[in-house]
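Commentary on secondary and tertiary structure
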Amino acid sequence: GENVEQHPSTLSVQEGDSAVIKCTYSDSASNYFPWYKQELGKGPQLIIDIRSNVGEKKDQRIAVTLNKTAKHFSLHITETQPEDSAVYFCAASYSGNTPLVFGKGTRLSVIA
Amino acid sequence: DTGVSQNPRHKITKRGQNVTFRCDPISEHNRLYWYRQTLGQGPEFLTYFQNEAQLEKSRLLSDRFSAERPKGSFSTLEIQRTEQGDSAMYLCASSLGSGTGELFFGEGSRLTVL
């Protein structure tokens, strides 16, 4: 089955700097790669996703890149703000129709 | 609609007791998922339903765990003869199941087994 590895486990950045979180996956059949943000005491919430027919997707300060050959994808957050502090999870599945397999998460701290 | 609702939010029980969690999904969503999350880990898939049919169960799911979704609406997750290792956050999520992939998670039910 699918296995998703995520790095780093913790990340601290100064407010205004960029943050990058990287994930690798094992199953070449996976073609849907979402990123979820989890704030304290809440369930994860989708922030951006990408499908294998595109290499990059942007939404304001957030972008995701995908390298299918290398089987890795990354989340980029620019101009970080204190409210970006949370745990971020990457995930993978086939067509969004199979259960998502999540990485172990990255705790991002944005220092004002 | 206010989103996915889970009850109870917290449950403390003694080892060997049975517990049941309830999930009310977003009303038009036909898919419902249960995940388990322990401290410092990502959500781990347990099982999911499309309408009332249970389509997949994780191989990690012990026989002590059972889930139902009668009439394709709310779902219950029961854990029998709880063990300390069952202590975790149990997350429910729902989706349209149209291949869009987005899961809408509830706030979870935290189980502590003493």
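Everything that follows concerns the structure shown earlier in this document.
Overview of the structure. (Residues numbered from 1 in each chain as written. Chains lettered and ligands numbered in written order. Predicted model: local features only at pLDDT ≥ 70, side-chain atom pairs only at ≥ 80, totals over all residues. Heavy atoms only, no water.)

**Quick look at the pairing of strand β2 (residues 10–14) of chain A**
All names here are of chain A. Burial along β2 is one-sided: Leu11 and Val13 are buried, while Thr10, Ser12 and Gln14, pointing the other way, are not. Two strands pair when backbone bridges link them, and β2 and strand β11 (residues 106–111) are joined in this way by five bridges, in the parallel orientation. Across the sheet, residue Val13 finds its bridge partner in β11, namely Val110. (Buried < 20%, exposed > 50% of the residue type's maximum accessible area, 1.4 Å probe, protein only. Helix = DSSP H or I, 4+ residues; strand = E, 2+ residues; numbered from the N terminus. Pairing = 2+ DSSP bridges.)

**As for the environment of Trp35(A)**
Position of Trp35(A) among the secondary structure elements: in strand β4 (residues 32–38). Along the sequence, Trp35(A) and Phe102(A) sit 67 residues apart, while their C-alpha atoms lie 9.1 Å from each other.

**Considering the state of the cysteines**
All names here are of chain A. Scanning the model with the defined rule gives two disulfides over all chains in all. Here Cys23 engages in a disulfide with Cys90; their sulfurs sit 1.9 Å apart. Sign of the S-S torsion, about -95° for the bond between Cys23 and Cys90, identifies this disulfide as left-handed. With Cys23 in strand β3 (residues 19–25) and Cys90 in strand β9 (residues 86–92), this residue pair connects regions lying 67 residues apart in the sequence. Considered together, Cys23 and Cys90 belong to a single accessibility category, that of buried residues. (Disulfide = S-S within 2.5 Å.)

**Observations concerning the interface of chain B and chain A**
Each side of the interface is counted separately: chain B has 23 residues, and chain A has 19 residues. At the junction of chain B with chain A, the criterion picks out zero salt bridges. Linking chain B with chain A are three residue pairs in polar contact (both at pLDDT 80 or more). Breaking the side of chain B that touches chain A down by element, the ones donating at least two residues are β4 (31–37) and β5 (44–50) of chain B. Its residues assigned to classes, the side of chain B that touches chain A shows eight nonpolar, ten polar and five charged. (Contact = heavy atoms within 4.5 Å. Salt bridge = Lys/Arg side-chain N within 4 Å of Asp/Glu carboxyl O. Polar contact = N/O pair within 3.5 Å; in protein donor to acceptor, adjacent residues only side chain to side chain. Nonpolar A, V, L, I, M, F, W, Y, C, P; charged D, E, K, R; others polar.)

**Points about the environment of Gly55(A)**
Residues and elements named next belong to chain A. Position of Gly55 relative to the elements: it lies in the loop between β5 (45–51) and β6 (56–59). With relative accessibility at 41%, the residue Gly55 sits in the partly exposed group. Separated by 20 residues in the primary sequence, Gly55 and Leu75 have C-alpha atoms spaced 12 Å apart. Ignoring sequence-local partners within four residues, the contact set of Gly55 consists of Ile50, Val64, Thr65 and Leu66.

**Describing the packing of aromatic side chains**
Scanning the model with the defined rule gives 16 aromatic pairs over all chains in all. Relative to Phe73(A), the ring of Trp35(A) lies with its centre 5.6 Å away and its plane at 70°, an arrangement referred to as edge-to-face. Of this pair, Trp35(A) sits in strand β4 while Phe73(A) sits in strand β8 (residues 72–77); the two residues are 38 residues apart in sequence, bridging distant segments of the chain. Residue Trp35(A) shares its accessibility class with Phe73(A), and that shared class is buried. By the ring-pair criterion, three or more aromatic residues cluster together here, those being Tyr36(A), Phe89(A), Phe102(A), Tyr33(B), Tyr35(B), Phe45(B), Tyr48(B) and Phe105(B). If you follow Arg22(B) out to its NZ or CZ, it ends over the ring of Phe74(B), 3.9 Å from the centre. (Phe/Tyr/Trp six-rings, centres within 6.5 Å; stacked < 30°, edge-to-face > 60°. Lys NZ or Arg CZ within 6 Å of the ring centre and 35° of its normal.)

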